[in-house]
Amino acid sequence: MKKFILLFCLPFSVLNAQYVETFNNEHSIGFGFGNTIGVITNLISSTNNRAALLMDYKQRADSINSLRFNLICDLPFRENNITELNNCFISAGFEKRLLFIKNEKINLYYGAEIYYKMNIKKGRLIPFSTLQYGFGIMGLCGIEYSINEVFSFCSEIAIGTGLHQNNDGYVDPNTGRFLWNFKAVSPKNLSIGIRRHF
């Protein structure tokens, strides 16, 4: 995996390095689309993956490490007078900057997060309700490219696993409890966005 990252980033390492303060700011907030690969898959197969929006916040702990908080959710859709927000992931964790590329306009990082997942429903006759919960851990890696002293383009991949309720909400008839299973997740599969540093 490290060889792949090095090969992918080789063109950036030979670019003319210009010193910028973008990644030295203490805080940053990002917005973008979370599941780019899932949406592209819809064009070449019969899948029905929904686009997801993301918002995240980072705070630098030191020159290499940052703390992070993320919110990712599928675009809302309305059916039978009920609005649904599916696959809402709330996650928090850390990231560590990779320093092997000597270009101040590039920020490569990796890290880990714990997440909590739920679906949200809201209707005229149905109050705000949540269902289909899950929780687990994700590993991530990402790249940011500085546009100027304040903004950067960002892309990230996050893959993990956790314990989730069955998607159909099936309840065990013997115990009356929801069934839980381990499931692989990737709420950020080649996410793309823009980040403001301050």
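These remarks concern the structure in this document. These numbers were taken from a predicted model, which means no experiment stands behind them. (Residues numbered from 1 in each chain as written. Predicted model: local features only at pLDDT ≥ 70, side-chain atom pairs only at ≥ 80, totals over all residues. Heavy atoms only, no water.)

1. Topic: the pattern of salt bridges
Opposite charge on two side chains makes pairing possible when the charged atoms of those side chains draw close.
Phase 1 of the analysis: As enumerated under the stated definition, the model contains 10 salt bridges in all.
Phase 2 of the analysis: Two residues, Arg68 and Glu95, come together in a salt bridge whose shortest N-O distance is 2.7 Å. Linking Arg68 in strand β3 (residues 65-74) with Glu95 in strand β5 (residues 82-98), this pair joins segments that are 27 residues apart in sequence. Taken individually, Arg68 and Glu95 each receive the classification buried, so the pair is uniform in this respect.
Phase 3 of the analysis: Salt-bridge contacts for Glu113 lead to Arg68; the nearest nitrogen and oxygen are separated by 2.6 Å. Remark: Arg68 occurs in strand β3 and Glu113 occurs in strand β6 (residues 106-123); sequence separation between them is 45 residues. Accessibility assignment for this pair places Glu113 and Arg68 in one class, buried.
Phase 4 of the analysis: Sharing partners across several salt bridges, the network here consists of Asp56, Lys58, Arg68, Glu95, Glu113, Glu144, Glu156, Lys188 and Arg195. (Salt bridge = Lys/Arg side-chain N within 4 Å of Asp/Glu carboxyl O. Helix = DSSP H or I, 4+ residues; strand = E, 2+ residues; numbered from the N terminus. Buried < 20%, exposed > 50% of the residue type's maximum accessible area, 1.4 Å probe, protein only.)

2. Considering a nonpolar patch on the surface
Phase 1 of the analysis: On the surface, Tyr145, Ile147, Phe151, Phe153 and Ile194 cluster together to form a nonpolar patch covering roughly 430 Å² of accessible area.
Phase 2 of the analysis: You can see Phe151 is positioned in strand β8 (residues 151-165).
Phase 3 of the analysis: On the basis of relative accessible area, Phe151 is assigned to the partly exposed category, the value being 33%. (Patch = residues over 30% accessible without salt bridge, like charges linked within 9 Å, V, L, I, M, F, W, Y side chains within 5 Å. Areas by Shrake-Rupley, 256 points an atom, 1.4 Å probe, with all protein chains shown as cover.)

3. A look at the environment of Tyr133
Phase 1 of the analysis: Along the chain, Tyr133 falls in strand β7 (residues 129-146).
Phase 2 of the analysis: For Tyr133, a relative accessible area of 23% translates into the label partly exposed.
Phase 3 of the analysis: In this structure the C-alpha to C-alpha distance between Tyr133 and Gln165, which are 32 residues apart in sequence, comes to 5.7 Å.
Phase 4 of the analysis: Beyond its immediate sequence surroundings of up to four residues, Tyr133 is in contact with Tyr116, Lys117, Met118, Leu163, His164, Gln165 and Trp180.
Phase 5 of the analysis: Only 2.5 Å separates the side chain of Tyr133 from the side chain of Thr130, close enough to count as a polar contact. (Contact = heavy atoms within 4.5 Å. Polar contact = N/O pair within 3.5 Å; in protein donor to acceptor, adjacent residues only side chain to side chain.)

4. Quick look at the nonpolar core
Phase 1 of the analysis: Of all hydrophobic cores here, the largest spans 10 residues; its members are Ala52, Leu54, Ile72, Phe89, Tyr109, Tyr115, Met138, Leu140, Ala158 and Val185.
Phase 2 of the analysis: Of all the secondary structure elements, the ones that give two or more residues to this core are β2 (52-60), β6 and β7. (Core = buried A, V, L, I, M, F, W, Y, C linked by side-chain atoms within 4.5 Å.)

5. Some details on unusual backbone geometry
Phase 1 of the analysis: Notably, Asn81 is not glycine yet its phi reads approximately 60 degrees, a positive angle.
Phase 2 of the analysis: Overall, Asn81 belongs to the partly exposed group, its relative accessible area being 45%.
Phase 3 of the analysis: The phi angle at Gln132 is positive, at roughly 50 degrees, despite the residue not being glycine.
Phase 4 of the analysis: The class for Gln132 is buried, based on a relative accessible area of 15%.

6. Looking at the pairing of strand β1 (residues 27-33)
Phase 1 of the analysis: Residues Ser28, Gly30 and Gly32 of β1 are buried on one face, while the alternating residues His27, Ile29, Phe31 and Phe33, pointing to the opposite face, are not.
Phase 2 of the analysis: Here β1 runs beside β2; their pairing, made up of 7 bridges, is antiparallel. Looking at β2, one finds that Phe33 is bridged to Leu53. (Pairing = 2+ DSSP bridges.)

7. Let's talk about the pairing of β6
Phase 1 of the analysis: Two strands pair when backbone bridges link them, and β5 and β6 are joined in this way by 15 bridges, in the antiparallel orientation. Bridging from a neighbouring strand, Glu84 pairs with Lys121 of β6.
Phase 2 of the analysis: Pairing of β6 with β7, which is carried by 15 bridges, proceeds in the antiparallel orientation. By the bridge assignment for β7, Lys117 is matched with Gly134.

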